[in-house]
Structures are given as structure tokens and as C-alpha cells.
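# Observations on the model geometry
Here's the letter readout for the chains.
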Amino acid sequence: QVQLVESGGGSVQPGGSLRLSCTASGSIFLIMGWYRQAPGKQRELVATIVSGGVTNYADSVKERFAISRDNAKNAVYLQMNSLKPEDTAVYYCYAARSWEGLRYWGQGTQVTVSS
């Protein structure tokens, strides 16, 4: 079976940084990325990266977050800088074999940004 295991969440002050990691097993994925879900809000796309390196970011995180992947390790990372309280959410790693294919999800990791 496919498994995605996340790590790296935590609590930071505004302006701080965190690096999230997600390691997948059980398949090779064209697309890997991150969604987040804040209390009272729907899950939203944060960033995606394809195996060739092309990236896409939500407008709210552009110039602050950077997604990367290590294809040899089947892992995806999210470097989050200049964090804001609005970034507080549970962050979910996901992976898919195609853009319209079945999405697999990590367990979620909490990111809290507060003074």
C-alpha cells in the first residue's frame, strides 16, 4: 500500500521558519505537494511540484514558501519562511500518479504561528 509520512510541524513566532518533510512509499508519483486546512476553513492547496521540478504556489505563500522534492528518496519538502499567524493550519502532504488520478494523503502535521 501507499503510505505518506509527514514530519516537521510545530509552533513558531511570526516571522519564523519551519521545514516540513513527507516521505512516500509504495509507488512513484508524478505530482507531490501540500494542502493545509485551518479551523473553520476548507482544505486549500499550498504548493505542488512535479517530478521534473516545475512548481506551483498559492498566492498567499508565494515568495515565502519553497517546495522541493528528492525523487531518489520519494520525498517532498516545504520550507516555510516569514511565517504569519494566517499560516496556522494542519498541513497535509499528498501525492498522485497523474493530475486527475487518485490522491494519497499524509496524516497531517500541525503548524502554529503565534506570539
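Above this text is the structure in question.
Residues numbered from 1 in each chain as written. Predicted model: local features only at pLDDT ≥ 70, side-chain atom pairs only at ≥ 80, totals over all residues. Heavy atoms only, no water.

The subject of this paragraph is the environment of Ala 24. Summarising the element assignment, Ala 24 is placed in strand β3 (residues 18-25). Not counting residues up to four positions away in its chain, the partners in contact with Ala 24 are Gln 3, Leu 4, Phe 29, Met 32, Lys 73 and Asn 74. (Helix = DSSP H or I, 4+ residues; strand = E, 2+ residues; numbered from the N terminus. Contact = heavy atoms within 4.5 Å.)

An order of β1-β3-β8-β7 is seen for the four strands of this open sheet, with the pairing classed as antiparallel. The sheet terminates laterally at β1 (3-7) and β7 (65-70), the two strands that pair on one side only. Neighbour-to-neighbour, the strand axes of this sheet turn through a mean angle of 15°, independent of strand direction. Relative to β3, β1 runs antiparallel, the two sharing five bridges. Within the sheet, the bridge partner assigned to Glu 6 lies in β3 and is Cys 22. (Pairing = 2+ DSSP bridges. Axes fitted to C-alpha atoms, helices over the stretch in contact; angles between N-to-C directions.)

Let us now look at the pattern of salt bridges. Following the criterion strictly, the structure yields four salt bridges and no others. In this structure, the salt-bridge partner of Arg 36 is Glu 44, at a minimum N-O distance of 2.8 Å. The class for Arg 36 is buried, based on a relative accessible area of 5%. According to the relative accessible area criterion, Glu 44 is partly exposed, its value standing at 34%. (Salt bridge = Lys/Arg side-chain N within 4 Å of Asp/Glu carboxyl O. Buried < 20%, exposed > 50% of the residue type's maximum accessible area, 1.4 Å probe, protein only.)

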